Amino acid sequence: MLDTAPRYQVLADELREAMRDGRLPGGSRLPSVREAAASRGISINTVLAAYRQLEARGLLEARPQAGYFVRAHLGSPPPWAQETPPTRTARPAAGAVLTRIATVLAAQTQPDTIDLSLACPKGGDFYPGERLGRIVADLSRRRPALLTDYSLPPGPTLLRQEICRHAQDLGLALQPDAILLTNGCMEALQLALRAVTRPGDTVGLESPTYFNLIPLLERLGLKSIEIPTHPDSGLALDALELLLAERRLQAVVAMPNVHNPLGTSMAVAAKKRLAALVNEYRVPLIEDALYAELQYATPLPPAVKAFDRDGWVIVCASYTKTLAPGLRMGWMEGGRFARELAELKFCASVAQPALLGEAIGVFLESGGYRQHLRRLRRLYAAQTDRLRALIGAAFPPGTRATQPTGGFLVWVELPPGCDTQRLFDAALARGISITPGSLYSPSGRHTRHLRLSGCYPFTARHVEALHTLGELAGAQGRAGA
Ligand SMILES: Cc1ncc(COP(=O)(O)O)c(C=O)c1O
């Protein structure tokens, strides 16, 4: 069939498609009318007609003397305190969070489901798998004792030295002897909680927080208090100080660098104040630094542990998001709790697999890790820009989203009338999986929020799925308004 659409319409449709799939993000400047006409071999009037049509539809904005810009729809979500309090029905029954996490994970592993939320990078582009595979094969051939000897703590010296060398990039001066290797960051968090609390104690959690912490606390017989966060600047330190001063917390868990699910980080001054507070009140801070190396800024902003005076900060991390989730290699530095932590680890699982530990050590020593991280940071910064652009194009007006400072997670707030638990069900019926906001709060807060992730290649199916999700959210908002 002949394409009979006028030229200006062809151009307008092309630009709209680029905005729709995120290639032209909100805020970007279009080529000037003259440039566009020259590069496409069309008349100035044709370009003007296309731009004016998009402007009339609210997709472009003309700024005097500056040109045409794609309208940005996304603002940051407001601080937590401005939110409506959780409703009774939104509050999950005790112990139900694990069941809900299992439902979400089961949804994400269904072969035909498009997963928009999982924080597990998908695809060879995100991991140096081949290189690691070669190192593992080479080591098992040259040093078979890595498999046949019983691996005892403290584990490969090379790896512990390399962990310390790389930790300097986060402002940390750590000693290899103080590094405890763990089964991922999750085991480090668990050991830390067990070392510093007793059943019945209360732990301060950021709200929202990493959802696995909620059932973990429950299993350890611990209570939690949700501390508000600001979507852009993290943990509310005044609220924390009040709780510390009233002696209501026996420990605090926080993600000051690239928070999950917010995707944002605390400012350096706030990190210093956080370290000072926990030292002053002598309350242990468990710093989850899992995403810290994925901060986009260079040099890397420091971890809170960098300002720890008397060993009250326990820092926990792993290579799950940077090298390979299957390695399950994590580490921690326990400050004044180091001895207790080493004993707990020994009782729990003795040590980590020596072959994998050695292989990561070799990779880190070769310089490959720094190079890989540099690439990952650029890649994820572009991915989250694209994701935000897609959200801006696909979601209803009034939607807000965080601007990540690292990693690949974006925290989205939908307009009033939306409920992301219901959205989860509706989306799943259309083969799309998300994580509803209430999963990230022990009391079921954040019912208008969801976490989206940009750690997969954006295929046409992903773009379509985001648009479907946006339409479902829009329909919910209209029905609830
Ligand atoms: C913030 C945070 N901490 C800890 C973990 C657990 O990490 P690992 O898989 O290394 O145990 C995750 C996993 O997604 C996470 O997002």
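Residues numbered from 1 in each chain as written. Predicted model: local features only at pLDDT ≥ 70, side-chain atom pairs only at ≥ 80, totals over all residues.

A. The overall build of the protein chain, seen in detail. Scanning the protein chain from N- to C-terminus turns up 16 helices and 16 strands. If one aligns the C-alpha atoms of the protein chain with their principal axes, the spans along those axes are about 75 × 55 × 45 Å. Burial statistics for the protein chain: of 481 residues in total, 47% are counted as buried. Summarising the internal contacts of the protein chain: among those between residues at least 6 apart in sequence, 75% fall at separations of at least 24. (Helix = DSSP H or I, 4+ residues; strand = E, 2+ residues; numbered from the N terminus. Buried ≥ 20, exposed ≤ 12 C-beta atoms within 10 Å, placed from the backbone. Contact = placed C-beta atoms within 7 Å.)

B. Layout of the sheet that holds strand β6 (residues 223-230). Read from one edge of the open sheet, 8 strands run β4-β11-β10-β9-β8-β5-β6-β7, paired in mixed fashion. The sheet terminates laterally at β4 (179-183) and β7 (234-235), the two strands that pair on one side only. Bridge count for strand β10 (residues 313-318) against strand β11 (residues 329-333) is 4 bridges, and the pairing is antiparallel. The partner of Val-315 across the bridge, within β11, is Glu-333. (Pairing = 2+ DSSP bridges.)

C. Seen up close, the domain arrangement of the protein chain. Looking at the assigned domains, one finds that the protein chain contains domain 1 (7-70), domain 2 (80-125 + 374-480) and domain 3 (127-370). Each of domain 2 and domain 3 has a C-alpha centre, and the two are 25 Å apart. In this complex, domain 2 contributes 33 residues to the contact, which on the side of domain 3 involves 33 residues. Going through the elements one at a time, α4 (96-109), α14 (368-394) and β13 (409-413) are the ones with two or more residues in the side of domain 2 that touches domain 3. The leading source of residues in the side of domain 2 that touches domain 3 is α14, at 5 residues. Split into classes, the residues belonging to the side of domain 2 that touches domain 3 amount to 19 nonpolar, 10 polar and 4 charged. (Domains from an automatic or database assignment. Nonpolar A, V, L, I, M, F, W, Y, C, P; charged D, E, K, R; others polar.)

D. A look at the site of the ligand. Contacts to the ligand come from Ala-119, Gly-184, Cys-185, Met-186, Tyr-210, Met-255, Asn-260, Asp-288, Leu-290, Ser-318, Thr-320 and Gly-330. Element by element, the count of residues in the shell around the ligand is highest for helix α8 (residues 184-196), at 3 residues. Its residues placed into classes, the shell around the ligand shows 6 nonpolar, 5 polar and 1 charged. (Near = placed C-beta within 6 Å.)

E. Seen up close, the sheet that holds strand β12 (residues 400-401). Pairing in this open sheet of 4 strands is antiparallel, and the strands run β12-β13-β16-β15 from one edge to the other. At either end of the open sheet lies a strand with only one pairing partner, and these are β12 and β15 (435-436). Pairing of β15 with strand β16 (residues 449-453), which is carried by 2 bridges, proceeds in the antiparallel orientation. From the neighbouring strand, Pro-436 faces β16, where its bridge partner is Leu-450. Contacts from α14 reach β12, β13 and β16 within the one sheet, and its direction differs from that of β13 by about 20 degrees. (Axes fitted to C-alpha atoms, helices over the stretch in contact; angles between N-to-C directions.)

F. Quick look at the confidence of the model for the protein chain. In this model, the protein chain carries a mean pLDDT of 92, and residues with pLDDT of at least 70 account for 95%. Highest mean pLDDT in the protein chain belongs to strand β9 (residues 285-288) (99); lowest belongs to α4 (80). Residue range residues 82-92 is modelled with pLDDT below 50. Its contacts to residues more than four positions away, or to other chains, number 14 contacts. (pLDDT = per-residue confidence, 0-100.)

G. Quick look at unusual backbone geometry. The step from Pro-153 to Pro-154 runs through a cis peptide bond, and the omega angle for that step is 10 degrees. With an omega dihedral of 5 degrees, the bond running from Ser-207 to Pro-208 counts as a cis peptide bond. Structurally, the position occupied by Pro-208 is in the loop between β5 (202-207) and α9 (213-219). At Arg-247, a residue that is not glycine, the phi angle is positive and equals roughly 60 degrees. Along the polypeptide, Arg-247 turns up in the loop between α10 (237-245) and β8 (251-254).

H. Layout of the environment of Gly-75. Within the element layout of this structure, Gly-75 appears in the loop between β2 (67-70) and α4. Gly-75 gets classed as exposed once you count the C-beta atoms within 10 Å, which come to 12. Through-space distance from the C-alpha of Gly-75 to that of Thr-402 is 7.6 Å; in sequence the pair is 327 residues apart.

I. The arrangement of the nonpolar core in detail. The biggest cluster of nonpolar side chains holds 129 residues, and the ones touching the most others in it are Leu-189, Ala-192, Val-252, Ile-286, Cys-316, Ile-360 and Ile-391. In this view, Ile-391 contacts Leu-74, Thr-399, Ala-401, Val-410, Val-412 and Leu-452; residues no more than four positions away in its chain are not counted. (Core = buried A, V, L, I, M, F, W, Y, C linked by C-beta atoms within 7 Å.)

J. Just the environment of Thr-435, in detail. Within the secondary structure layout, Thr-435 lies in strand β15. C-alpha of Thr-435 to C-alpha of Leu-423: the two residues are 12 residues apart in sequence and 9.6 Å apart in space. In this structure, Thr-435 is in contact with Val-104, Ser-117, Leu-450 and Arg-451, ignoring residues within four places of it in sequence.

K. Structural detail: the pairing of β2. Looking at chain direction, strand β1 (residues 60-63) and β2 are connected through 4 bridges and run antiparallel. Residue Arg-63 lies in a different strand from β2, and its bridge partner there is Gly-67. Here β1 folds back onto β2 in antiparallel fashion, the turn holding 3 residues, of which Gln-65 has a positive phi close to 65 degrees.

L. Broad picture of helix α12 (residues 338-349). Between its first and last C-alpha atoms α12 spans 16 Å; for 12 residues at 1.5 Å apiece the expected length is 16 Å, and the two agree. Remark: Val-350 follows α12 within two positions and exhibits a positive phi of approximately 60 degrees. (Expected span 1.5 Å × (residues − 1).)

M. A look at the packing of helix α5 (residues 129-142) against helix α13 (residues 354-365). Taken N-terminus to C-terminus, the directions of α5 and α13 make an angle of 120 degrees; their axes are 9 Å apart at the nearest point. Comparing their axes, α13 and α5 come out oblique. By crossing handedness, the relation of α5 to α13 is classed as right-handed. For the pair α5 and α13, the contacting residues are Arg-131, Leu-132, Ile-135, Val-136, Leu-139 and Ser-140 in the first and Leu-355, Glu-358, Ala-359, Val-362 and Phe-363 in the second. Residue composition of the contact of α5 with α13, by class: 8 nonpolar, 1 polar and 2 charged. (Parallel < 35°, antiparallel > 145°, perpendicular 65-115°, else oblique. Left-handed = near helix turned anticlockwise from the far one by under 90°.)

N. Broad picture of the packing of helix α1 (residues 7-20) against helix α3 (residues 44-56). For the pair α1 and α3, interaxial distance at closest approach is 8 Å and the crossing angle is 50 degrees. On the basis of their axis angle, the class for α1 and α3 is oblique. Seen from above, α1 lies across α3 with right-handed handedness. Between α1 and α3, the contacting residues are Arg-7, Tyr-8, Leu-11, Ala-12, Leu-15 and Arg-16 on the first element and Thr-46, Val-47, Ala-49, Ala-50, Gln-53 and Leu-54 on the second. Its residues assigned to classes, the contact of α1 with α3 shows 8 nonpolar, 2 polar and 2 charged.

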